[in-house]
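# Coordinate analysis (summary)
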Amino acid sequence: PISFSSYSLDHASAGFILLTLALGVSAIIQVLASYDNHLSILWQLPQYCLLNMSELMVVIAGTKHSYLSSSTRMRGRTTALFFATQGVGILLGLAIAGLTAGWSITLWLLVATGLSVGLVILDRTHAQ
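The structure contained in this document is the topic of the report that follows. (Residues numbered from 1 in each chain as written. Predicted model: local features only at pLDDT ≥ 70, side-chain atom pairs only at ≥ 80, totals over all residues. Heavy atoms only, no water.)

### Overview of the overall build of the protein chain
Rule in force here: Secondary structure elements are taken from DSSP: a helix is a run of H or I of four residues or more, a strand is a run of E of two residues or more, and numbering for both begins at the N terminus. The buried label goes to any residue with under 20% of its type's maximum accessible area, the exposed label to any with over 50%, and the partly exposed label to all in between, with areas taken from a 1.4 Å probe on protein chains only. Any two residues whose heavy atoms approach within 4.5 Å at even a single point are treated as in contact. Each accessible area is a Shrake-Rupley result for a 1.4 Å probe, and residues are judged covered by the shown protein chains and nothing else.
Of the regular secondary structure elements, the protein chain holds four helices and zero strands. The C-alpha extent of the protein chain, read off along each of the three principal axes, is 55 × 35 × 25 Å. Residues classed as buried in the protein chain amount to 22% of the 128 residues present. In the protein chain, the proportion of contacts linking residues at least 24 apart, taken out of those at least 6 apart, comes to 70%. Surface accessibility of the protein chain: about 9000 Å² in total, with carbon and sulfur atoms responsible for 72%.

### Focus on a nonpolar patch on the surface
Filter applied, for reference: Residues forming no salt bridge and having over 30% relative accessible area are the ones grouped into patches, like charges within 9 Å of each other and nonpolar side chains (Val, Leu, Ile, Met, Phe, Trp, Tyr) within 5 Å. One speaks of a salt bridge when a side-chain nitrogen belonging to Lys or Arg is within 4 Å of a carboxyl oxygen belonging to Asp or Glu.
Taken together, the side chains of Ile 28, Leu 32 and Trp 43 present a nonpolar region at the surface, about 310 Å² in accessible area. You can call Leu 32 partly exposed: its relative accessible area is 38%.

### Some points on the side chain of Gln 47
Inspection of the secondary structure assignment puts Gln 47 in helix H2 (residues 45–68). Residue Gln 47 is classed as buried on the basis of its relative accessible area of 10%. Leaving out residues up to four positions away in the same chain, Gln 47 has contacts with Ala 22, Val 25, Ser 26 and Ile 29.

### Here's the deal with the packing of H2 against helix H3 (residues 75–99)
Basically, it comes down to this: Here an axis means a line fitted to C-alpha atoms, over the contact stretch when the element is a helix, while the angle between two N-to-C directions is reported on a 0 to 180 degree scale. Two helices that cross are described as forming a left-handed crossing if the nearer one is turned anticlockwise from the farther one by less than a right angle, and a right-handed crossing if clockwise.
Where H2 meets H3, the axes come as close as 8 Å, and the angle between the chain directions of the two elements is 150°. Relative to H3, the crossing made by H2 is right-handed. Taking contact as the criterion, the partners of Val 58, Val 59, Gly 62, Thr 63, Ser 66, Tyr 67 and Leu 68 in H2 are, on H3, Arg 75, Thr 78, Thr 79, Phe 82, Phe 83 and Gln 86.

Spelled out as structure tokens, the structure:
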């Protein structure tokens, strides 16, 4: 039998792995686009599909975990804090994007992919 916490952690880990794949695909497509300016917009479809699947897995697992692991009186607050951390993450992402405005998109995607791989490795070592 699978307990809820391991089930939701597995879904979150799978979401992070899909996110890493989406960033990697995005970096590869960006490198290809630098060589061929007539690349079809449909080449972006795989990365958007991977990104949306990862978002679904992480958000649903995180919402379930924050709701079910808190007491009944704190469920609303805990879920609100979970979503607030996503808002803070978006603000940090915008700040980092502003600081790295001079970087090429390829460099930015490669750095983001490397950070994502590091987070997946940390997540998997922490889950064990």
